[in-house]
Amino acid sequence: MDRLQASQIEALQRLQSVLGPHDTDFVVSVLESVAWDVQKATDLLFDGEAPPAPAPTKATPVAQFELDDIDDSSPTSRHSHRGQGNPRSNWSFLWSILAVPLHLVSGVLRFVFGVLRIPIPSLPFMTTNSYHSHRSASSDSRSITQRWVQELEEETGACSSKRSMANADHQLQDVIHIHLQHQDEKILPDFFDGSYEEVLDICQKEGRIACVILVSTEHDDDAEFKRSTLTDASFVKMFLDNNFIVWGGDIRDKAAWDASQKLQATTYPFVAFLALQPRRHGAASNSAPVVTILSRHQGRAATTAPVLIDHLNTQLLPRVTPFLVRFKTALQDRDRDRRIREEQDRAFREATRKDREAIAARLRQDKEEEEHAQKLAEDVKKKQEDSARQKHQAEIRMEWRKFMRRSLLLPDARGLRLAIKLPGNGRVVRSFPPSATLTSLYAFADSQLIPTTSRPEDDPSQAPEEAVDNIPRLDSFIQNKTAGHAWWGFTLASAYPRREFRWKTNTSLTEIGLRDGEQIVMELITAPVSTNGQISDDEYESESD
């Protein structure tokens, strides 16, 4: 502390008042590192004490899709009959060409049956694309799925559960209950209109069970499967109650065809259930779970609504639900922890902002107080300098009065006898020769302001500022000094009627109209002192007030 300068000690005290108790040597070292800048030192200390920001978390990649069936040995899979997958022959292509004239009729029938909500028979000529090995490829999976669902609604006379919700004010379970009571109204599962890969991603991130439904229009069991299984209210309710994500398509579309190859579908209709499960085959215990095929059901006998519902209730759900519940609980815990961390981060940022504002306000207040104190000190110094300057000017003026009393006053002679009323109650009478000038009158009046304690023999014999030995030279000095009569500090005027006799050079008393025996009043004035120490020639104020 002894080696510090006054400004450094002040900076140290300001920083300690802001930060509170700290080791003095440590604070001094910080100030030295920032050239004794209190603001920079505060920012450095504050930022240095802030906890490091958490590293950005990387998105967990989707686990690799596992193709091995968990439930491949289930009765439904084991006893499912197998047939040809997507059979094609030369006569099918020829028949498609011959059926082209019937497409116009099929369009009219589709429209009429759609309006009447009547199931549309599945005939080879009922679709314009029956002669293509695949429909025209489209990169928009959403539009492909929506088109397939629309065709499914036209063919079965049902509507999707999503559309049922849009047309009713009931809850989804209430809609299902209404359809169970009215068997003539059918609904379809709520098909997801994204891609197959998006379904797997949802299973991975949300822990939901996926149901993939693949159909082939060319199979004989296709129409029966759509009308009985897909519109079964209990089957649809099972999906809704357990929050399944349902995706489907016709293998004529490329997206559905690719999914059938990945799921190793050989017979249609085809239904597969997928969900997130722990890795098997000797994987590490801490390895990430993977989307797994839980069961596959192929052919008409294995894909009826009662068989699938029984399989879900007795085998699939009891086996996978515990793990999915734990997985969702972990997701909820991570989400809760994330929200807590975000709330803590927000609270920390808010506290940091308030602390910074408080420190900035304190520094600003200290600076304002310092500037105010500096301004007051400057004002006091300026007043002292002005007072000293005025005192010095008054001393010089007093020296001039004494010099004029000794060297420049005209002796009392016959001529104009004038009575001069001095400030206060004083009065003096003086006779001036007719040739006397206004400067002689002012010099006499000015000499009356000398204190009575000052003896005439002590008056100086030389002028204080310049060599002046007569009235003309005094006129020249005053004219050069102030360019007017303000140098005298007073003015003379007749008592009644009042006439002011402002000082002028080389002006005789008779010229200004003074008469013998006239009464003259001496009025003191104060004039502002300019920066160069001279007296201004305007804006006077009478001291007699």
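Conventions we followed
Residues numbered from 1 in each chain as written. Predicted model: local features only at pLDDT ≥ 70, side-chain atom pairs only at ≥ 80, totals over all residues. Heavy atoms only, no water. Phe/Tyr/Trp six-rings, centres within 6.5 Å; stacked < 30°, edge-to-face > 60°. Helix = DSSP H or I, 4+ residues; strand = E, 2+ residues; numbered from the N terminus. Buried < 20%, exposed > 50% of the residue type's maximum accessible area, 1.4 Å probe, protein only. Core = buried A, V, L, I, M, F, W, Y, C linked by side-chain atoms within 4.5 Å. Contact = heavy atoms within 4.5 Å. Axes fitted to C-alpha atoms, helices over the stretch in contact; angles between N-to-C directions. Parallel < 35°, antiparallel > 145°, perpendicular 65-115°, else oblique. Left-handed = near helix turned anticlockwise from the far one by under 90°. Nonpolar A, V, L, I, M, F, W, Y, C, P; charged D, E, K, R; others polar. Polar contact = N/O pair within 3.5 Å; in protein donor to acceptor, adjacent residues only side chain to side chain. Salt bridge = Lys/Arg side-chain N within 4 Å of Asp/Glu carboxyl O. Pairing = 2+ DSSP bridges. pLDDT = per-residue confidence, 0-100.

**Description of the packing of aromatic side chains**
Here is step 1 of the chain: As enumerated under the stated definition, the model contains 15 aromatic pairs in all.
Here is step 2 of the chain: With a centroid separation of 5.8 Å and 85 degrees between ring planes, the pair formed by F432 and F444 is classed as edge-to-face. Remark: F444 occurs in helix α15 (residues 438-447) and F432 occurs in strand β9 (residues 427-432); sequence separation between them is twelve residues. Both residues of the pair, F432 and F444, belong to the buried class.
Here is step 3 of the chain: Their ring planes at 80 degrees and their centres at 5.1 Å tell us that W487 and W488 sit as a pair that is edge-to-face.
Here is step 4 of the chain: Overall, W487 belongs to the buried group, its relative accessible area being 4%.
Here is step 5 of the chain: Among the residues examined, W488 registers a relative accessible area of 1% and is labelled buried.
Here is step 6 of the chain: Here the aromatic residues W400, F403, Y442, F477, W487, W488 and F490 are joined through ring pairs into a cluster of three or more.

**Focus on the nonpolar core**
Here is step 1 of the chain: Grouped together as the largest cluster of nonpolar side chains are 53 residues, with contacts concentrated most on I213, F244, F273 and L274.
Here is step 2 of the chain: Per-element accounting of this core gives the leading share, ten residues, to helix α14 (residues 305-407).
Here is step 3 of the chain: Ignoring any residue separated from it by four or fewer positions in sequence, one finds I213 in contact with F191, F225, L230, V246, W247, G248, G249, F270 and V271.
Here is step 4 of the chain: Counting residues in each nonpolar core, the second largest holds 36 residues, with L418, W503, L509 and L524 among its members.

**Remarks on the packing of α14 against α15**
Here is step 1 of the chain: Running from amino to carboxyl end, α14 crosses α15 at an angle of 115 degrees, the nearest separation of the two axes being 9 Å. By the angle class used here, α14 and α15 are roughly perpendicular. Regarding α14 and α15, the two cross each other, and that crossing is left-handed. Listed contacts from α15 to R397, R401, M404 and R405 of α14 are A443, D446 and S447.
Here is step 2 of the chain: Among the residues forming the contact of α14 with α15, the class breakdown is two nonpolar, one polar and four charged.

**Observations concerning the environment of K205**
Here is step 1 of the chain: When you line up the elements, K205 lands in helix α10 (residues 196-206).
Here is step 2 of the chain: Separated by 126 residues in the primary sequence, K205 and L331 have C-alpha atoms spaced 8.6 Å apart.
Here is step 3 of the chain: Those residues within four positions of K205 in sequence are excluded, and the remaining contacts are F327 and L331.

**Focus on the side chain of S295**
Here is step 1 of the chain: Among the structural elements, S295 can be located in strand β7 (residues 290-298).
Here is step 2 of the chain: One polar contact links S295 to H311, side chain to side chain, over a distance of 3.0 Å.

**Here we look at the pattern of salt bridges**
Here is step 1 of the chain: Following the criterion strictly, the structure yields 30 salt bridges and no others.
Here is step 2 of the chain: The closest approach of N and O atoms between R339 and D335, which form a salt bridge, is 2.0 Å. A residue pair is termed a helical-turn pair when its members lie 3 or 4 positions apart in one helix, as R339 and D335 do in helix α14 at four residues.
Here is step 3 of the chain: In this structure D335 comes out as partly exposed when scored by relative accessible area, which is 27%.
Here is step 4 of the chain: For D386, the salt bridge identified is with R389, shortest N-O distance 2.4 Å. Linking D386 with R389, this pair stays in helix α14, spanning three residues, or about one helical turn.

**Observations regarding the pairing of β7**
Here is step 1 of the chain: With respect to burial, β7 is a largely interior element, nine of its nine residues being buried.
Here is step 2 of the chain: As defined by bridge partners, strand β6 (residues 270-277) adjoins β7 across eight bridges and the pair is classed as antiparallel. Note that in β7 the partner of L276 across the bridge is V291.

**Considering the packing of α10 against α14**
Here is step 1 of the chain: α14 packs onto α10 with a crossing angle of 75 degrees between their chain directions and a minimal axis gap of 9 Å. One way to sum up the angle between α10 and α14 is to call them roughly perpendicular. Contact residues: α10 offers Q204, K205 and E206, while α14 offers F327, K328 and L331.
Here is step 2 of the chain: Partitioned by chemical class, the residues of the contact of α10 with α14 number two nonpolar, one polar and three charged.

**Focus: the confidence of the model for the protein**
Here is step 1 of the chain: Model confidence for the protein is summarised by a mean pLDDT of 78, while 72% of its residues fall at 70 or above.
Here is step 2 of the chain: Averaged pLDDT values over the elements of the protein bottom out at 37 in helix α4 (residues 75-78) and peak at 96 in strand β4 (residues 210-215).
Here is step 3 of the chain: Low confidence marks residues 48-65, where pLDDT is under 50. Its contacts with residues over four positions away, or in another chain, come to 20 contacts.
Here is step 4 of the chain: Counted against residues more than four places away or in other chains, residues 67-89, with its pLDDT under 50, gives 59 contacts.

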